[in-house]
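Structural overview
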Amino acid sequence: MVAAPSMAGSGRSAGGSAALQWTAQIAAWTIHLKGEDCFKVERLLMKEERLLVAVVADGHGGQKASKYCSEKIIHHMEEFAQGNPSMESLSEACTQAFRKAHAVICALPGPRPGTVNTAGTTLTMVIINEDRRELVVANVGDSAAICYSPGESKHGEYCG
């Protein structure tokens, strides 16, 4: 089952954000954790606007689903966004990308000939449009994102 991504409004703050400042150093990297979990961070340029995309996949029942998502979901999102870096477009692109990943993962073969894939994953994608200072958060399963700004009295708020 694929859930529609949630959108956390604009990530605007006075004087610039520490999160937006450190992102300029990231090109792209992927890490696989404990065999089933993966995350990927990648910088994109969409219509001359700088995007930072982070994906966390919490796999279960094997690594096929989380590995697929960490390697392909950002590309799927780009495909469905069709070059439009607006918050609305990116949110809809995440929904479509999650649906495509779900269909592909369900069709993967199982570990032995004649068996079906039983691996799955939760998935959280965070997109920061650095030029518009907008934030899109999409998630499926029981994973989520916590939005936090340094210097705020809150410990963070649920945003996905």
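To keep things clear, this report deals only with the structure shown in the data block. Because the structure is predicted, anything quoted here is derived from the model rather than measured.

Take the nonpolar core next. Counting residues in hydrophobic clusters, the biggest one holds 27 residues, and the most contacted among them are Val53, Ile73, Met77, Met125 and Ile127. Where this core is concerned, the elements lending two or more residues are β2 (37-46), β3 (49-60), α2 (64-81), α3 (87-107), β4 (120-129) and β5 (134-140). Here this core takes 8 residues from α3, the largest share from any one element. Excluding anything up to four places from it in sequence, valine 53 contacts Lys40, Val41, Glu42, Leu44, Ile74, Met77, Met125, Val126 and Ile127. Core analysis: the next-biggest nonpolar cluster, separate from the first, contains 6 residues, Ile128, Leu135, Val137 and Ala145 among them.

Attention now moves to the pairing of β3. In terms of strand pairing, β2 meets β3 through 10 bridges, oriented antiparallel. By the bridge assignment, lysine 40 is partnered in β3 with valine 55. Linking β2 back to β3 in an antiparallel pair, the connection comprises 2 residues, with lysine 47 at a positive phi of about 50°. With 10 bridges connecting them, β3 and β4 associate as antiparallel partners. Opposite leucine 52, over in β4, you have isoleucine 128 as the bridge partner.

So, on to the pattern of salt bridges. Across all of its chains, the model carries 5 salt bridges by this definition. A salt bridge links glutamate 42 to lysine 40, with the nearest nitrogen and oxygen atoms 3.4 Å apart. Accessibility assignment for this pair places glutamate 42 and lysine 40 in one class, buried. Linking glutamate 49 and arginine 132 is a salt bridge whose minimum nitrogen-to-oxygen distance equals 2.7 Å. With glutamate 49 in strand β3 and arginine 132 in the loop between β4 and β5, this pair connects stretches of sequence that are 83 residues apart. Glutamate 49 gets classed as buried once you look at its relative accessible area, which sits at 15%.

Cut-off values and rules
Residues numbered from 1 in each chain as written. Predicted model: local features only at pLDDT ≥ 70, side-chain atom pairs only at ≥ 80, totals over all residues. Heavy atoms only, no water. Core = buried A, V, L, I, M, F, W, Y, C linked by side-chain atoms within 4.5 Å. Buried < 20%, exposed > 50% of the residue type's maximum accessible area, 1.4 Å probe, protein only. Helix = DSSP H or I, 4+ residues; strand = E, 2+ residues; numbered from the N terminus. Contact = heavy atoms within 4.5 Å. Pairing = 2+ DSSP bridges. Salt bridge = Lys/Arg side-chain N within 4 Å of Asp/Glu carboxyl O.

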